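# Coordinate inspection notes
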Amino acid sequence: MSAIIDIHHVHFRVADLAKQRQFLLDFGMLVDEIDGVLYARGTDQSPYCYIADEGEPAFLGMAFLASSHRELQRIAAIDGLAVEDCALPGGGKVVHMTDPDGLAVDLVFDLKAVAALPVPTRLPLNTGTDRQRKNERVTLSDAAVVVKRLGHCVLNVSDFRRSESWYKQRLGLLTSDEIQLDDQGTVLGAFMRCNRGEQVVDHHTLFLVQAGKLEFNHAAFEVSDWDMLMRGHDRLTRKGYEARWGVGKHVLGSQVFDYWKDPAGFTLEHFTDGDLFNEAWGSHKAPLEQLLKVQWGPDGAP
Ligand SMILES: [Fe+2]
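Quick summary incoming for the structure in this document. (Residues numbered from 1 in each chain as written. Predicted model: local features only at pLDDT ≥ 70, side-chain atom pairs only at ≥ 80, totals over all residues. Heavy atoms only, no water.)

## A look at the packing of aromatic side chains
Going through the model one piece at a time under the given rule, you end up with 17 aromatic pairs. Ring geometry for F277 and W281: centres 3.5 Å apart, planes at 10°, overall stacked. Every member of this aromatic cluster is reached through a ring pair, and the members are F12, Y50, F59, F216 and F266. (Phe/Tyr/Trp six-rings, centres within 6.5 Å; stacked < 30°, edge-to-face > 60°.)

Put into structure tokens, the structure is as follows:
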């Protein structure tokens, strides 16, 4: 039933690999350079969740992690594609698909896991009604790697309904919130999540936005908690990077978010404390205001 486990990585071409590498380190990732390609990972066991080649800046594509070899084969068969050996770090299997806008969308499986890194943690929060931390001081970790994993990608697409059905048919995604522009059924796009049955997943793994053309919107990386997100914000501010939107708390998905512009001009987001839903939570509709409004923090969009 579950076609994919999660999104796996995003792939870019950037103008200056050294600058990008420094940004990714400042963004809180672990970065490796192999044969002129950057591979960045978080604390999770995946060998990479971000790839960058050097050249004219472009979003080259993204990949999702299949739930089994059977699912990998089933999805490959929809387009008559071959399951190939993956030549990237971690190996495994890959199916190279192309979405309706011509974007490279890979499906990967069976990559060799790397050892998980320690996730920065903190003692429990004391809230007004729930005091869990007693006779203990908070001392935050100064870990350099604060990103856990890639959480979602947002794509502007030329024809939302066409792309929606392409991704749903192959990846088994469920709509979490479809954004309504009016009462006549005009739709801006939809937040979609993985279907892992009873298991809860992020509010969205992919958000497709009707835009009349293909364009990368942003990719979002989960950090361990608010303190780490705020530490990241301060570090990126001190280093002189350009903030795009945040810090704030979304209405749809409830994430605490912080969007940054990377040296190649792409928007990358830190998020934490997002809503988690399972299949039974169903699909919902929401007006545009709920997409742009925040529960706190600056209004706007990246
Ligand atoms: Fe996001």
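More follows now that the structure is in view.
## Examining helix α2 (residues 69-78)
Along α2, the positions that sit buried rather than exposed are E71, L72, I75 and A76. Buried residues in α2, looked at end-on, bunch into an arc of 135°, giving them a common side. Residues of α2 that are exposed and point more than 90 degrees away from the buried face comprise R70 and A77. On its buried face, α2 sits against β5 (58-66), β7 (93-98), β8 (104-109) and α3 (160-171). Of the residues flanking the end of α2, it is G80, one or two places downstream, whose phi is positive at about 65°. (Buried < 20%, exposed > 50% of the residue type's maximum accessible area, 1.4 Å probe, protein only. Helix = DSSP H or I, 4+ residues; strand = E, 2+ residues; numbered from the N terminus. Arc of directions from axis to C-beta. Contact = heavy atoms within 4.5 Å.)

## Notes on the sheet that holds strand β15 (residues 242-250)
Ordered in space as β19-β10-β11-β13-β9-β14-β17-β16-β15-β20, the 10 strands form an open sheet in which the pairing is mixed. The sheet is open, and its two edges are formed by β19 (284-287) and β20 (294-296), each paired on a single side. Each strand axis lies, on average, 25° off the axis of its neighbour in the sheet, ignoring direction. As paired elements, strand β11 (residues 187-193) and strand β13 (residues 206-210) share four bridges and run antiparallel to each other. For F191, the partnering residue across the bridge sits in β13 and is F207. In the packing of helix α1 (residues 17-27) onto the sheet, the strands contacted are β9 (147-157), β14 (215-223), β16 (256-261) and β17 (267-272), and the crossing angle to β17 comes to about 15°. (Pairing = 2+ DSSP bridges. Axes fitted to C-alpha atoms, helices over the stretch in contact; angles between N-to-C directions.)

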